[in-house]
Amino acid sequence: MMNRAPALLTAIAVLLLSACGEAPPPAALPEALAANESNAAAQTQEVPSPPADLALSAAASQPAAPSVSLHELMRDVIGPNAQRVWRSVSYIATESGVQETMPVNDMDWDGLHQSVTILLEASHGLTLEGRDIGGAAYEAVRQNYQYTAAEIAERRARNLDDWNAIAVGMGDLARQIIAPIERRNILALTETGAALNQACETCHASYWLRP
Ligand code: HEC
C-alpha cells in the first residue's frame, strides 16, 4: 500500500514521456516498472469487494426515497431560491433617491439561472412519494393558523392529484423564467418571477394555512 503513490507517479511519468515522444526513460525506470508490475499483481488480489450496502442490487433500480423533509425543502431550498429571484430586481425609494437593484454582470445572471434550475428540480421533488412533512422541526416554528404536520400529510394524501398538479404548475412557471434570464431581459424576468408566486400561494392556501 505504501508504494502505491510513487508507483502511480512513475506510471504517469511514463505515460507523459511516451505521449510527448521525449527522450527514453532514465535507467532507473525499468527497475521501477518491474517493481510496479509485481505491486500491481499484489494489489489486484488485495482489492476488497464492496460492502454489501454499496453493492448494486435490484433495489438500486428503484427511485431513491426523498432525503429531506418537506419543511427542509421549503425552508432551505425553495424559499431561499425563490427569494433570490424575487430580490434580484427592486426599486427602493429613499430620501436620497431611488435605489435600484438588478442583475448586472454574468455572475448575477448565472446565479439566477442556478436558482431557477434548483426551483425546477425542487418542483419535481414535491411530487415524490413518501416525503415526511417535517416533524419536530416544523412543529417548533408552526403557528396556530398553520396546519399541523399530520393535517398537512392527511390533506396531501387525500388530494394527491391536486398537490401534484400544483407542483407541476410551479415547475412550468419556474421554466418560464429561464428565457428572460438567457436573454438578459429585466422586465420579463420581473414578470415571470412575480408569476411564480401564484404556485406558492395556491399550495400554501390549501395545504399550509388554515382558512
Ligand atoms: C405543492 C405544495 C407547495 C408548493 C407548490 C409550495 N409550497 Fe411552500 N410550503 C408547503 C407546505 C405544506 C408548507 C408548510 C409545511 C412546511 O414548512 O414544510 C410550506 C412552507 C413553506 C415555507 C415555510 C418554511 C418554514 O421555515 O417554516 C416557505 C418559506 C415556503 N413554503 C416557500 C415556498 C415558495 C417560495 C414556494 C413557491 C416558489 C412554495 N413554498 C411552494 C407547500 C408548498
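Relevant structure appears above.
Residues numbered from 1 in each chain as written. Predicted model: local features only at pLDDT ≥ 70, side-chain atom pairs only at ≥ 80, totals over all residues. Heavy atoms only, no water.

(A) Up close: the overall build of the protein. Along the backbone of the protein there are 9 helices and 2 strands. In the protein, the order of α-helices and β-strands from amino to carboxyl end is α-α-α-β-β-α-α-α-α-α-α. In the protein, buried positions account for 27% of the 211 residues. Pairs at least 24 apart in sequence give 72% of the contacts found in the protein among residues at least 6 apart. In the form shown here, the protein has an accessible surface area of approximately 14,000 Å², with 60% of it arising from carbon and sulfur atoms. (Helix = DSSP H or I, 4+ residues; strand = E, 2+ residues; numbered from the N terminus. Buried < 20%, exposed > 50% of the residue type's maximum accessible area, 1.4 Å probe, protein only. Contact = heavy atoms within 4.5 Å. Areas by Shrake-Rupley, 256 points an atom, 1.4 Å probe, with all protein chains shown as cover.)

(B) Summary view of the nonpolar core. Counting 33 residues, the largest nonpolar core has L119, L126 and L196 as the members making the most contacts within it. Only α3 (70–86), α4 (106–125), α6 (149–158), α7 (160–175), α8 (178–182) and α9 (186–207) provide two or more residues apiece to this core. Residues within four places of L126 in sequence aside, it is in contact with L70, L73, M74, I78, W163, N164, A167 and M170. (Core = buried A, V, L, I, M, F, W, Y, C linked by side-chain atoms within 4.5 Å.)

(C) Structural view of the environment of E129. By the secondary structure assignment, E129 is in the loop between α4 and α5 (135–141). Separated by 63 residues in sequence, E129 and P66 place their C-alpha atoms 7.7 Å apart.

(D) Representation of the pairing of strand β1 (residues 90–94) in the model. In the sheet, β1 pairs with strand β2 (residues 97–101) via 5 bridges, with the strands oriented antiparallel. Counted as the bridge partner of I92 is Q99 from β2. Here β1 folds back onto β2 in antiparallel fashion, the turn holding 2 residues. (Pairing = 2+ DSSP bridges.)

(E) Spotlight on a nonpolar patch on the surface. A surface patch of nonpolar side chains, amounting to about 420 Å² of accessible area, comprises Y91, V98, M102 and V104. Following the sequence through the fold, V98 ends up in strand β2. On the basis of relative accessible area, V98 is assigned to the exposed category, the value being 60%. (Patch = residues over 30% accessible without salt bridge, like charges linked within 9 Å, V, L, I, M, F, W, Y side chains within 5 Å. Salt bridge = Lys/Arg side-chain N within 4 Å of Asp/Glu carboxyl O.)

(F) Just unusual backbone geometry, in detail. We note that R184 has phi near 55°; this positive angle belongs to a residue other than glycine. The partly exposed category is assigned to R184, whose relative accessible area is 36%.

(G) Just the site of the ligand, in detail. Close to the ligand lie 20 residues, the nearest being H71, M74, C200, C203 and H204. For the ligand, an oxygen atom lies 2.9 Å from a polar atom in the side chain of H71. H204 places a side-chain nitrogen or oxygen 2.8 Å from a nitrogen atom of the ligand. Those elements that provide at least two residues to the shell around the ligand are α3, α5, α7 and α9. In terms of residue count, the dominant contributor to the shell around the ligand is α3 (7 residues). (Near = heavy atom within 4 Å. Polar contact = N/O pair within 3.5 Å; in protein donor to acceptor, adjacent residues only side chain to side chain.)

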